[in-house]
Amino acid sequence: VVHYCEHIHGAKTLAYYHMLVKLGKKDYVPFEWSNSFHFNRVGIQYCIGFTLLQTGEIAFWFSEHDGNPGLMIL
């Protein structure tokens, strides 16, 4: 999981975007990635953990503004 952020003109906060990236086993060069996404809403967010579920879904634990933890399953 990687993220990047941008300051949207006129907004009072940063907009964080996240994506999943697959790296090559030997050279760590990215070779596949997802579309970018927000966990809950536009704002300051960090991924604090994730796991692959037996159903094939991915569970993400995230934090907003260094608090307000949440869980999102894709």
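Coordinates for the structure precede this section.
Quick look at the structure, then.

What counts and what doesn't
Residues numbered from 1 in each chain as written. Predicted model: local features only at pLDDT ≥ 70, side-chain atom pairs only at ≥ 80, totals over all residues. Heavy atoms only, no water. Helix = DSSP H or I, 4+ residues; strand = E, 2+ residues; numbered from the N terminus. Contact = heavy atoms within 4.5 Å. Patch = residues over 30% accessible without salt bridge, like charges linked within 9 Å, V, L, I, M, F, W, Y side chains within 5 Å. Areas by Shrake-Rupley, 256 points an atom, 1.4 Å probe, with all protein chains shown as cover. Salt bridge = Lys/Arg side-chain N within 4 Å of Asp/Glu carboxyl O. Buried < 20%, exposed > 50% of the residue type's maximum accessible area, 1.4 Å probe, protein only. Pairing = 2+ DSSP bridges. Axes fitted to C-alpha atoms, helices over the stretch in contact; angles between N-to-C directions. Core = buried A, V, L, I, M, F, W, Y, C linked by side-chain atoms within 4.5 Å.

Quick notes on the environment of Ile8
Okay, step 1: In this structure, Ile8 sits in the loop between strand E1 (2-7) and strand E2 (14-19).
Okay, step 2: A sequence separation of 55 residues divides Ile8 from Ser63, and the C-alpha atoms of the two residues are 20 Å apart.
Okay, step 3: With near-sequence residues (within four places) excluded, Ile8 lies in contact with Ala15, Tyr17 and Val42.

A word on a nonpolar patch on the surface
Okay, step 1: Nonpolar side chains collect at one region of the surface, where Ile48, Leu53, Trp61, Leu71 and Ile73 lie side by side and expose about 470 Å² of accessible area between them.
Okay, step 2: Take Leu53: it is sitting in the loop between strand E5 (45-52) and strand E6 (58-64).
Okay, step 3: We classify Leu53 as partly exposed; its relative accessible area is 31%.

A word on the sheet that holds E5
Okay, step 1: The antiparallel open sheet is built from three strands, whose spatial order is E5-E6-E7. Either end of the sheet is taken by a strand with one partner, and the two such strands are E5 and strand E7 (67-73). The average angle at which neighbouring strand axes cross in this sheet is 20°, direction not considered.
Okay, step 2: Pairing of E6 with E7, which is carried by five bridges, proceeds in the antiparallel orientation. The residue of E7 that forms the bridge with Glu64 is Gly67.

Quick word on unusual backbone geometry
Okay, step 1: Positioned with a positive phi, Tyr28 is a non-glycine residue whose angle comes to about 60°.
Okay, step 2: For Tyr28, the position within the fold is in the loop between strand E3 (21-23) and strand E4 (30-33).
Okay, step 3: Here Tyr28 falls in the exposed class, since its relative accessible area comes to 58%.

Describing the nonpolar core
Okay, step 1: Judged by nonpolar contacts, Phe37, Phe39, Ile58, Phe60, Phe62 and Met72 together constitute the single largest core of six residues.
Okay, step 2: No other element matches the three residues that E6 contributes to this core.
Okay, step 3: When neighbours within four sequence positions are excluded, Phe62 is seen to be in contact with Phe39, Asn40, Tyr46, Cys47, Ile48, Asn68, Pro69, Gly70, Leu71 and Met72.

A few points about the pattern of salt bridges
Okay, step 1: A complete count under the given rule lists two salt bridges for this structure.
Okay, step 2: Residue Glu32 pairs with Lys22 through a salt bridge whose shortest N-O separation is 3.5 Å. Here Glu32, found in strand E4, pairs with Lys22, found in strand E3; they are ten residues apart in sequence, far enough to count as distant.
Okay, step 3: Take Lys22: its relative accessible area is 46%, and that puts it in the partly exposed class.
Okay, step 4: As a salt-bridge pair, Glu64 and Arg41 come within 3.3 Å of each other at their nearest N and O atoms. Placement of the pair is Glu64 in strand E6 and Arg41 in the loop between E4 and E5, with a sequence separation of 23 residues.
Okay, step 5: Under the relative-accessibility criterion, Glu64 is labelled buried at 5%.

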